Amino acid sequence: MTLNGEAKNILVVTQNFFPTEKKDYKIKENLEKLANQGNKITVLGCKKQSDIVDEIQNLQYSFIEQEEFAGGSEWAYALHNIIFMWKAIKIGSSIKDNFDMIVAIVPTGFAAIAAKVIAGKKQAKYFVDIKENWVESALEAKYLTKGSPFHKAATIVEDWLLKNSEKIDLF
């Protein structure tokens, strides 16, 4: 299966490319399927030293080295995600390919912001593929406190991103 009947060149921005201890969105496996169907996929996501990457035709990786968030204050959570966002914008903007589409796979709004900035710089179509509500996920994981300034700000950002983004379900 190709997207809309033709192979696409897609940049995917996600912090959750590999499964976490709590969740597995099957992002890696599903992007491999899209690549095997003729789409050219570039993944911009986090990598830990222990991650192993298989060689798949039409699938390449641009990893952002980032330690896994181990918890802490809302400030630490925000800083962890902002660092990812800035690194993603820097690396994604420097990739030489002309992409048909740039897709943020979310449960993190910072990945969506990075993808939106990169899409603007590259004049590519921008989409979000929402695997779960980012703010609710952060509340559930106790990274945010309901009603806190961070929670309110995150809700505003998430609402804005969802209202100003086309939605897609890549898989």
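Each remark here, short or long, concerns the structure printed above.
All of these numbers come straight from a predicted model, not from anything done at the bench. (Residues numbered from 1 in each chain as written. Predicted model: local features only at pLDDT ≥ 70, side-chain atom pairs only at ≥ 80, totals over all residues. Heavy atoms only, no water.)

Asker: Looking at this structure, how should I read helix 5 (residues 149-163)?
Answerer: The periodicity of an α-helix, 3.6 residues per turn, causes residues three or four positions apart to be oriented the same way. Over its 15 residues, helix 5 extends 21 Å from the first C-alpha to the last, a length consistent with the 21 Å expected when each residue adds 1.5 Å. Among the residues making up helix 5, those that are buried are H151, A154, E158 and L161. In a view along the axis of helix 5, the buried residues occupy a sector of 95°, so they form one face of it. Residues P149, K152, I156 and K163 are exposed on helix 5 and point more than 90 degrees away from its buried face. Contacts from the buried residues of helix 5 go to helix 3 (109-122), strand 5 (125-130) and helix 4 (134-140). (Helix = DSSP H or I, 4+ residues; strand = E, 2+ residues; numbered from the N terminus. Expected span 1.5 Å × (residues − 1). Buried < 20%, exposed > 50% of the residue type's maximum accessible area, 1.4 Å probe, protein only. Arc of directions from axis to C-beta. Contact = heavy atoms within 4.5 Å.)

Asker: Mind showing me how you'd approach the pairing of strand 4 (residues 101-106) here?
Answerer: Working note: regular strand, side chains alternate between the two faces of the sheet. Burial analysis of strand 4 places 6 of its 6 residues in the buried class, which makes it a mostly covered element. Neither face of strand 4 is exposed, since M101, V103 and I105 on one face and I102, A104 and V106 on the opposite face are all buried. The pairing of strand 1 (residues 9-14) with strand 4 spans 4 bridges and is parallel. Counted as the bridge partner of V13 is A104 from strand 4. Relative to strand 5, strand 4 runs parallel, the two sharing 6 bridges. When the sheet's bridge partners are listed, I105 is paired in strand 5 with D129. Handedness of the crossover joining strand 4 and strand 5 through helix 3 is recorded here as right-handed. (Pairing = 2+ DSSP bridges. Right-handed = clockwise from strand over helix to strand, strands pointing away.)

Asker: Please explain the packing of aromatic side chains as it appears in this structure.
Answerer: The description of two aromatic rings rests on the distance between their centres and on the angle between their planes. Considering all chains together, one arrives at 3 aromatic pairs under this definition. Taking 5.3 Å as the distance between ring centres and 5° as the angle between the ring planes, the aromatic pair formed by Y61 and F63 counts as stacked. Taking the centre distance of 5.0 Å and the plane angle of 25° together, the rings of Y77 and Y143 count as stacked. A residue pair is termed long-range when its members are at least 10 positions apart, and Y77 in helix 2 (residues 74-94) and Y143 in the loop between helix 4 and helix 5 qualify at 66 residues. (Phe/Tyr/Trp six-rings, centres within 6.5 Å; stacked < 30°, edge-to-face > 60°.)

Asker: Help me understand the pattern of salt bridges in this model?
Answerer: Under the definition given, this model contains 3 salt bridges. Among the salt bridges present, the one from E32 reaches K28, with a minimum N-O distance of 3.1 Å. Separated by 4 residues within a single helix, E32 and K28 lie in helix 1 (residues 27-36), roughly one turn from each other. The residue K40 makes a salt bridge to D97 at a minimum N-O spacing of 2.7 Å. Here D97 lies in the loop between helix 2 and strand 4 and K40 lies in strand 2 (residues 40-47), a separation of 57 residues in the sequence. (Salt bridge = Lys/Arg side-chain N within 4 Å of Asp/Glu carboxyl O.)

Asker: What's the story with the environment of A119 in this structure? I'm lost.
Answerer: The topology assignment puts A119 in helix 3. Spatially, the C-alpha atom of A119 lies 9.2 Å from that of L11, the residues being 108 residues apart in sequence. Not counting residues within four places of it along the chain, the set of residues in contact with A119 comprises I102, A124, K125 and Y126.

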